[in-house]
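Here is how the chains run, residue by residue.
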Amino acid sequence: MGRYFPALLFTACTLIVFGPVGAVFGATATAIVVAGGKPVLGLPFVAAAMVAGWLAADAWYGLLLALMVAAPGGCIGWLVRRGNNFSIATFGGALVLAPLNVAQLPLARTAVMESRGLLVEAAAKDEAGERIDVMIAGFDWILEHWNDLAYGAAFSSSLFVCCVTATLVGAWLRRTGQLPPSLGSFRDFRPPEWLVWPLIAVAIGWFAYYWRWQDEWLRAVSLNAALGLMNVYLLNGFAIAVYAAAVLRPHAVVIAMVAVGMVFLNMWPMLMGFGLFDTWIEFRKKLDAAAARAAGTSDDARH
């Protein structure tokens with residue numbers, strides 16, 4: 001346990017300061033020891049999460065943080081040890097973490113309302129003028145559409161957290177020579193092909209709401225599911241981009257220009273499109289073929 005003590009101390013500090021955000025470190029450490037066949041070593045990280053939550057708020061919050069460390073960490077570690085690939089490990093962790101994130105949505109809504117209240121008080125004192133009015137309007141929009149987006153956001157955040165966790169677990173196992181060949185890495189992340197059918201069902205549900213049935217439950221289900229699925233395909237598109245960079249090895253300037261375009265020119269929806277159409281086109285196979293052709297051309301030029 002001695003070599004894990006710095007990680008335990010770091011996890012406890014981040015949990016106290018950052019709460020659920022810090023839980024990713026505890027979940028990662030738990031997944032590493034479970035994947036390494038020593039699940040008992042994960043118990044101190046779970047205990048640290050419980051104590052940190054109790055110190056930060058109360059016993060119930062401590063239990064929630066402990067579950068947010070134990071559930072995804074244990075699930076990802078177990079799936080990795082069983083020889084599953086990166087995608088299955090990520091989705092498995094997300095499916096057990098998402099209900100816990102949903103459970104803390106009332107706390108998140110309360111925090112949003114409190115933040116809005118502070119801004120209203122500041123606006124009454126005329127401390128920042130129009131800038132505060134814009135921020136208040138943003139909080140009002142979030143609260144108005146809470147039921148339409150909160151659950152999809154909870155699943156999306158769970159997916160992103162578990163993707164980071166699986167990436168860190170793979171990096172550690174690779175560094176220590178324990179990486180199962182079946183795991184792969186983030187660039188191999190790919191959602192199952194059948195996921196396109198729920199996406200079609202969501203589109204039908206949205207059009208049914210827009211054209212025929214103006215029911216709030218239909219709108220909430222459609223929008224939350226759409227948000228979750230959009231982020232799945234966004235993550236796949238990003239994984240394809242990482243795969244392309246690894247296979248084609250473009251110049252660093254090209255990578256920087258693409259990154260700037262995605263962030264500052266709002267081109268990130270292109271990644272979502274690549275992630276979706278990868279279901280039929282299988283971009284990684286085409287990238288492998290392009291790299292093979294480039295290598296063959298280079299060899300011919302040398303001869």
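**Notes on the confidence of the model for the chain**
Then, number 1: Mean pLDDT over the chain: 85, with 88% of residues reaching 70 or higher.
Then, number 2: When mean pLDDT is compared element by element in the chain, helix α5 (residues 86-103) scores highest at 95, while helix α1 (residues 5-18) scores lowest at 53.

**Focus on the pattern of salt bridges**
As a working rule, side chains carrying opposite charge can pair if their charged atoms are close by.
Then, number 1: The full count for this structure, using the stated rule, is 6 salt bridges.
Then, number 2: Here D140 ties to R116 by a salt bridge, and the two come within 2.3 Å at their closest N and O atoms. Of this pair, D140 sits in helix α7 (residues 130-144) while R116 sits in helix α6 (residues 105-124), and the two are 24 residues apart along the sequence.
Then, number 3: Judged by its relative accessible area of 29%, D140 is partly exposed.
Then, number 4: When the shortest N-O distance is used, the salt bridge between E282 and K285 registers 2.9 Å.
Then, number 5: Its relative accessible area of 23% is what places E282 among the partly exposed residues.
Then, number 6: Within the structure, one salt-bridge network assembled from shared partners comprises R190, E193, D278 and R284.

**Quick word on the packing of helix α4 (residues 59-81) against helix α8 (residues 146-175)**
A pair of packed helices is captured by two measures, namely the crossing angle of their axes and the spacing between those axes.
Then, number 1: Following both chains from N to C, one finds α4 and α8 inclined at 50°, their axes separated by 11 Å at the closest point. Taken together, α4 and α8 sit at an angle that is classed as oblique. For the pair α4 and α8, the sense of crossing is right-handed. Residue-level contacts link P72, I76 and V80 of α4 to C162, T165, A166 and L173 of α8.
Then, number 2: Among the residues forming the contact of α4 with α8, the class breakdown is 6 nonpolar, 1 polar and no charged.

**Comments concerning a nonpolar patch on the surface**
Then, number 1: Among the surface-exposed residues, V260, V263, F264, L265, M267, M270 and F274 lie close enough to one another that they form a single nonpolar patch of about 710 Å² accessible area.
Then, number 2: At the level of secondary structure, the elements contributing two or more residues to the nonpolar patch comprise α11 (252-264) and α12 (269-281).
Then, number 3: Here the nonpolar patch takes 3 residues from α11, the largest share from any one element.
Then, number 4: Topologically, V263 is positioned in helix α11.

**Description of α4**
Then, number 1: With 23 residues, α4 ought to run about 33 Å at 1.5 Å a step, and its terminal C-alpha atoms sit 32 Å apart, in line with that.
Then, number 2: Between a side-chain oxygen at the N-terminus of α4 and the backbone nitrogen of W60 the separation is 3.2 Å; the capping residue is D58.
Then, number 3: Where α4 ends, the next residue or the one after it, G83, has phi of about 90°, a positive value.

Calculation rules
Counting of residues starts from 1 at the beginning of each chain's written sequence and follows it residue by residue. Residue-level local features of this predicted model are given only where pLDDT is at least 70; pairs of side-chain atoms are given and counted only at 80 or more, and the full residue set underlies all totals for whole chains, interfaces and linings. Side-chain metrics in this entry use all non-hydrogen atoms of the structure; hydrogen atoms and water are not considered. Per residue, pLDDT measures the predictor's confidence, with a range of 0 to 100. Strands are runs of DSSP state E lasting at least two residues, helices are runs of H or I lasting at least four, and both sets are numbered from the N terminus onward. Each reported salt bridge corresponds to a side-chain nitrogen of Lys or Arg within 4 Å of a carboxyl oxygen of Asp or Glu. Note on exposure labels: buried denotes an accessible area under 20% of the residue type's maximum, exposed denotes more than 50%, and partly exposed covers the range between, all computed with a 1.4 Å probe on protein chains only. The axes are straight lines fitted to the C-alpha atoms, using for helices just the contacting stretch, and the angles between their N-to-C directions are given from 0 to 180°. The cut-offs work like this: below 35 degrees is roughly parallel, past 145 is roughly antiparallel, 65 to 115 is roughly perpendicular, and the gaps in between are oblique. Crossings are assigned a handedness: left-handed for a near helix turned anticlockwise from the far helix by less than a right angle, right-handed for a clockwise turn. Whether two residues are in contact is decided by their heavy atoms: any pair within 4.5 Å suffices. We call Asp, Glu, Lys and Arg charged. Ala, Val, Leu, Ile, Met, Phe, Trp, Tyr, Cys and Pro are nonpolar, and the rest, Gly among them, are polar. Each patch is built from salt-bridge-free residues with over 30% relative accessible area, joining like charges within 9 Å and nonpolar side chains (Val, Leu, Ile, Met, Phe, Trp, Tyr) within 5 Å. Here the Shrake-Rupley method, with its probe set to 1.4 Å, supplies the accessible areas, and only the displayed protein chains count as covering residues. What a helix is expected to span follows from its residue count: subtract one and scale by 1.5 Å. Whenever a nitrogen or oxygen atom comes within 3.5 Å of another N or O atom, the pair is scored as a polar contact, on the condition that within protein one atom can donate a hydrogen and the other can accept it, and that pairs from neighbouring residues in sequence are kept only if both atoms are in side chains.

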